[in-house]
Amino acid sequence: MKSREQEYRELFMAEALEYYDAMSRHLSELERNPQDGAALNELFRLMHNLKANARAMGFVDMGEVAHKMETLFGQIRGQERTFTGLLVTLTFQSVDVLGNMIRAVGAGQDTADAKPLLENLDRLIKGEELVEARATQTEEEADADASRKLELSDLVYIPVKKLDNLLNLVGELVIDRDRILTLAAELGHPALEATARHLFRISDDLQYSVMDVRLVGVGVLLNKFPRVVRDVAAAENKQVELVLTGQDVQIDRNVLQLITDALLHLVRNGVSHGLEDAATRQAAGKPAIGKLRISALTERDDVLLQVQDDGRGIDTEAVRQKAIRKGVVTAEVAATLDEEGVWALLFEPGFSMAEKITDISGRGVGLDVVKLAIDSLGGRLRVASELGKGTAFTLVLPTSIAVKGALLIELDERAYAVPLLHTDTVLALPNDQIFAVGGLLMTRVQDENVPLVPLRQLLYAEGDEPLPRATRADLDPAMTLHQVLIVSYNNRRLGLLVDRFLRQQNIVVKSLSKPLDTIDLFGGVTLLGSGQLCLVLDVPALTRLFLAKRP
Amino acid sequence: MADSSAARPAAPSGRAAPAAPEAVVQLIVFRLGDEDYGIRIEQVKEVTITPEVVRMPKTPPFIKGIANLRGDIIAIVDLEERFQLRPAGRPVPDFSYTLAVEAPDYTLGLMVREVPRPVTLPVSLIEPAPEFVQDSGQRDKYLEGIAKLPDGGVIIVLDMPKLLTPAEIMRLPGRADEAASKSTKAAPDTAAASQKP
Amino acid sequence: MNKRILIVDDSFYMRTMLKNMLTDAGYDVVGEAANGQQALEMAVATNPDLITLDVILPDNTGLDVLKGIRQQQPDAKVVMCSAVGQETIVNEAIENGALAYIVKPFSEERVLEIVGSALQGDGTPA
């Protein structure tokens, strides 16, 4: 297992090398244009961070050099001095020294003596004469430069396929581990139990390490968007300023892969439908240039990817009318939907908001592809919008797809798992809290009428006919309390009547292999500690089935 | 398919009986209904006592469910029910065997009621199924041929690659091509027990 | 329930170290922000019991972020993180409602002491 010191060291190295590259780049920019304030600010910040990190790691000299450089850049920023002459030479030299120090740390070597450089920096800061301003490289430095080229990178590139395989193996291991733990407890053998607990910890660490290896910065995807936005904006004849944030938020590479098209779609949608053209914007008293922000942030175990525009916002009534026109929803149902309910219709298949067909969005696909991609990952979609102000779509994604929290329920003496992401509440309802309306059983949950359906009926009803009209007489009279799991999907709540609740558990979902992979009611299967197979219910598919079959 | 292996006398299966001058084929033979069926041994991954099977809703009745076979989650198919070969009134046995057969990218379990046995026989004994038979019925569509044994027994050799495409496995008996061949179909009682479109 | 903390620092290394220290001590780190904009958004999204805020950020100064947070959430408890040599910023931060400051490089005891006492207070600057 990796020690924390080692982890810190690796993080430090990765970041320090990144800082070094950025420093070199910004320094060249500053040399070309000494008035480049942005480059100056970045240099100041990078030196500041390197200083703080180096000191935390105990690399005193590196911290000192960075500290003095920070001070120097602070002075330039404060216009106490200009970026000219010897200062330029010395800063380039210092960044080189920092680079050598960082590499030495990476190679586990001692860093060279920085005393002469520090003294010179001190003099420079105080405005004194330099002892020796070398414009040329010493032989030693030239040697160092030459040998640098022979260094092997500390980074190893691993094909994603190998990582997938590793993760699958770990998944297997975790399943067996849980079995061993159960068996050990049943046998009551103390030594075996102790070993099983140890195995538990180790495999847990292993699982997280493997998941950790697969994490990449969201930036690898976000950085592709400036070009996309530029192209779409040009085609649409719009002016767009793109802001990217959170590039270093970490996410599983495969999650990112699966979400690429969805994000592309949202961004295109934002430019072509969200943002208005310059004239419209100005008429509305807005700046001519529209703003599009793509940001990533972490929230607990989830990663939030947000596409936000300051455009016209969603016209809720127009969406409502169009959904009725397109047959996505009946007029009666549409009338009952609140704002968020109407927005959710945007992601229904067959709904495409564009009345005008453009090059960009007239491709016959709607935002439902976004929803499908998120569903496949077990994620969620949030919409926020204000008319005239703008719209924000937020994708709530799991950082990793290996382990899911799930609620285990029992039906006909079989366990089923329901991912926690889609579970809302569990309720034990007495008969008098369930009523029948229009052939549906209902209950009130937080001032909302939620339909109830026996899970058994959804799972086993054959054919495409609607479910039979339900009355309270259908409720099992032997049950004094009815066990209800409220699931939610796309702002829709549905109560599933189950036999009983078992427990909450982290599960490793295995996807179903052929030929059963076409049964969409199940998101996969998991093995419980007892070795028992347990089907994982797919709440979106269950909800869709219920909507299709409601009486 | 039968003649392609016959044309290769040095095929691996020939090694099992080096004395025989003629190409032989090894089959795993099991009973479905009241007949003997065979699958080429190289298509069978293993034979095992049927593990615990979990019924999977929304699948045809001949899919008995899923089972955990050494970490592989596989579908278990009851071929008797799939081919409508089970005599009326005969129950599904409590205890059965499963042949794990390999398709190109998945494994499938075939549930059989009696312990399967290996049989080695000369390739020449397998008569290719006639073309017209292949078009007509359910089971006949997946036949490689029929082996007539010297003792008078008959083994129906199944063409696994043909049966193992997911679309074929999931197909309900008499569903997709029933418009073409329904008139000649028998055994309406068992068909009625399965799902109707 | 554990106290919930939001970490704002543009260095992943610093965030990780701080997160480990706080998590080990039983706090819930509910979010990590790497710049000012994220910090403001996440402060709203996570509504933490305490925010640790770096004084130098890529898009904004920590001071601006502090002001922004105090504006949108007047009761927010903020502890500044700074390296030595930025005492002037620190003083200004305290005047603008920061409860305390932690000097980088962090010592674990010092971090936990400051965070602990900041959380005990009622949110008004010391």
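These numbers were taken from a predicted model, which means no experiment stands behind them. (Residues numbered from 1 in each chain as written. Chains lettered and ligands numbered in written order. Predicted model: local features only at pLDDT ≥ 70, side-chain atom pairs only at ≥ 80, totals over all residues.)

Notes on the packing of helix α1 (residues 4-32) of chain A against helix α4 (residues 86-107) of chain A
Helix packing geometry: the angle between the two helix axes and the distance between the axes.
All names here are of chain A.
Consideration 1: Two elements in contact, α1 and α4, have axes separated by 10 Å at closest approach and are oriented at 165 degrees. Taken together, the axis directions place α1 and α4 in an arrangement best described as roughly antiparallel. As α1 packs across α4, the resulting crossing turns out to be left-handed. Between α1, through Met13, Ala16, Leu17, Tyr20, Met23, Ser24, Leu27 and Glu31, and α4, the contact on the second element is made entirely by Val88, Thr91, Phe92, Val95, Leu98, Gly99, Ile102, Val105 and Gly106.
Consideration 2: Split by residue class, the contact of α1 with α4 holds twelve nonpolar, four polar and one charged. (Axes fitted to C-alpha atoms, helices over the stretch in contact; angles between N-to-C directions. Helix = DSSP H or I, 4+ residues; strand = E, 2+ residues; numbered from the N terminus. Parallel < 35°, antiparallel > 145°, perpendicular 65-115°, else oblique. Left-handed = near helix turned anticlockwise from the far one by under 90°. Contact = placed C-beta atoms within 7 Å. Nonpolar A, V, L, I, M, F, W, Y, C, P; charged D, E, K, R; others polar.)

Observations concerning the UniProt feature "modified residue: Phosphohistidine" (unreviewed entry) in chain A
Consideration 1: The sites that UniProt annotates as "modified residue: Phosphohistidine" (unreviewed entry) are A:His48.
Consideration 2: Structurally, A:His48 is set in helix α2 (residues 37-57).
Consideration 3: Take A:His48: there are 26 C-beta atoms within 10 Å of it, and that puts it in the buried class.
Consideration 4: Ignoring sequence-local partners within four residues, the contact set of A:His48 consists of A:Glu70, C:Ile56 and C:Ala83. (UniProt positions renumbered as here; feature names shortened; annotations may be inferred. Buried ≥ 20, exposed ≤ 12 C-beta atoms within 10 Å, placed from the backbone.)

Section: the packing of α1(A) against α2(A)
Residues and elements named next belong to chain A.
Consideration 1: Their axes nearest at 9 Å, the elements α1 and α2 cross at an angle of 155 degrees. By the angle class used here, α1 and α2 are roughly antiparallel. Considering how the two elements wind past one another, α1 and α2 form a crossing that is left-handed. Judged by residue contacts, Tyr8, Phe12, Glu15, Ala16, Tyr19, Ala22, Met23, His26, Leu27, Glu29 and Leu30 of α1 engage Ala39, Leu40, Glu42, Leu43, Leu46, Asn49, Leu50, Asn53 and Met57 from α2.
Consideration 2: Here the contact of α1 with α2 is built from residues that sort into 14 nonpolar, three polar and three charged.

Re the interface of chain A and chain B
The figure often quoted for interface size is the accessible area lost as the parts come together.
Consideration 1: Listed per partner, the contact involves 17 residues of chain A and 17 residues of chain B.
Consideration 2: At the level of elements, α17 (455-460), β17 (522-527) and β18 (533-537) of chain A are the ones that each hand at least two residues to the side of chain A that touches chain B.
Consideration 3: In terms of residue class, the side of chain A that touches chain B is made up of eleven nonpolar, one polar and five charged.

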